[in-house]
Amino acid sequence: MVRLYVNVDHVATLRQQRGTRYPDPVTAAVLCELGGADGITVHLREDRRHIQDRDVRVLRETVRGVLNLEMAATDEMLRIAREVKPDFCTLVPEKREERTTEGGLAVTPGGAVERVARALAEAGIGVSLFIDPEVRVVEASARLGVGTVELHTGDYCLAPARGPEAARQLQRLELAARAAGDAGLRLGAGHGLDYDNLGPVASLPGLEELNIGHGLVARAVMLGMRGAVEELRAIIDRASKVGP
Ligand code: PXP
């Protein structure tokens, strides 16, 4: 069965937007696991725009399944990962001006990605590389000695649903997935996945795990909206019966 890791960054985005203590990504993570998630993914960004250092530390204490820390290949993040010891770290490219992770890692030997990946492995932390679905990048990742690659599904998700471009992007993902299997790499996928476009990705050959955030959090908002209004309505009605 393909494992589901829920990315709760967007819960933290809402909290940071208003500087409140809620909504709490740690509480969201508990609910995700109760709902059947196999693990929780968070991206501690350099600019701390959503997830904070404390969230990662508390999640390490509370997540019962797998904790996957997405991070840039920097010394600061390496230090935090060594302290917190998530089950694994996914190295991602990071640009300050981007709204979300826009492309896969540049996987070249002798660079920061290799150095940080090796240091994480030495600390006993599993390493995944977030890469574009290209056979040559999968092969380059295997040469760095990492255990897992996560294929960036963004181009497939951006293509008009069920059109020729989506089919082409799916084929690209399939080729990269097969190359990962041939190279003995564990395979994950994620980015831009939602309830409509997920099916073909979930059945990629050899796929073991999915990381899903935005589409799921957006759906959770809609599923919870009616009940949230009903609760508020009841409070207002009770208060207005009592009077000032
Ligand atoms: N995988 C990686 C490596 C990511 O950086 C992200 C976004 O933080 C995701 C998966 C999840 O993407 P989305 O929020 O679009 O589901």
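Our subject is the structure listed above.
Computed from a predicted structure; not experimentally measured. (Residues numbered from 1 in each chain as written. Predicted model: local features only at pLDDT ≥ 70, side-chain atom pairs only at ≥ 80, totals over all residues. Heavy atoms only, no water.)

A. Examining the site of the ligand more closely. Not every one of the 14 residues close to the ligand is listed here, only the nearest: Thr 101, Glu 150, Gly 192, Gly 213 and His 214. In the environment of the ligand, a nitrogen atom lies 2.6 Å from a nitrogen or oxygen atom belonging to the side chain of Glu 150. A distance of 2.9 Å is found between an oxygen atom of the ligand and a backbone nitrogen or oxygen belonging to His 214. Taking 400 Å² as the accessible area of the ligand by itself, protein coverage stands at 95%. Counting only elements with at least two residues in the shell around the ligand, the list comes to helix H1 (9–18) and strand E8 (207–212). (Near = heavy atom within 4 Å. Polar contact = N/O pair within 3.5 Å; in protein donor to acceptor, adjacent residues only side chain to side chain. Areas by Shrake-Rupley, 256 points an atom, 1.4 Å probe, with all protein chains shown as cover. Helix = DSSP H or I, 4+ residues; strand = E, 2+ residues; numbered from the N terminus.)

B. Looking closely at helix H3 (residues 53–62). Restricting attention to buried positions, one finds in H3 the residues Asp 55, Val 56 and Leu 59. Buried residues of H3 fall within an arc of 95 degrees about the axis and therefore sit on the same side. For H3, the exposed residues lying more than 90 degrees away from the buried face are Arg 54 and Glu 61. Residues of H3 that are buried sit in contact with H1, helix H2 (25–34), strand E2 (39–43), strand E3 (66–71) and helix H4 (75–84). (Buried < 20%, exposed > 50% of the residue type's maximum accessible area, 1.4 Å probe, protein only. Arc of directions from axis to C-beta. Contact = heavy atoms within 4.5 Å.)

C. Fine view of the packing of aromatic side chains. Under the criterion given, the structure shown has 1 aromatic pair. Note on Tyr 5 and Phe 88: the rings are 5.9 Å apart at their centroids and 55 degrees apart in plane angle, and the pair reads as tilted. With Tyr 5 in strand E1 (residues 3–7) and Phe 88 in strand E4 (residues 88–91), this residue pair connects regions lying 83 residues apart in the sequence. Per residue, the accessibility class of Tyr 5 equals that of Phe 88, and both read buried. Above the face of the Tyr 195 ring, Arg 219 is positioned so that its terminal group lies 5.6 Å from the ring centre. (Phe/Tyr/Trp six-rings, centres within 6.5 Å; stacked < 30°, edge-to-face > 60°. Lys NZ or Arg CZ within 6 Å of the ring centre and 35° of its normal.)

D. View of the nonpolar core. The biggest cluster of nonpolar side chains holds 65 residues, and the ones touching the most others in it are Ile 40, Val 42, Met 71, Leu 91, Leu 120 and Leu 129. Looking at this core, the element that brings in the most residues is helix H8 (residues 164–182), giving 7 residues. If sequence neighbours within four positions are ignored, Ile 40 has contacts with Val 6, Val 8, Ala 29, Cys 32, Glu 33, Val 63, Val 66, Leu 67 and Asn 68. (Core = buried A, V, L, I, M, F, W, Y, C linked by side-chain atoms within 4.5 Å.)

E. Summary view of H1. Turning to H1, its buried residues number three or more, namely Asp 9, Val 11, Ala 12 and Arg 15. Each buried residue of H1 sits inside an arc of 155 degrees when the element is viewed along its axis, so together they form one side. With respect to the buried face of H1, the exposed residues turned more than 90 degrees away are Leu 14, Gln 17 and Arg 18. Tucked into the core, H1 has its buried residues touching E1, H2, E2, H3 and helix H10 (214–242). Downstream of H1 by a residue or two, Gly 19 has a phi angle that is positive, lying close to 65 degrees.

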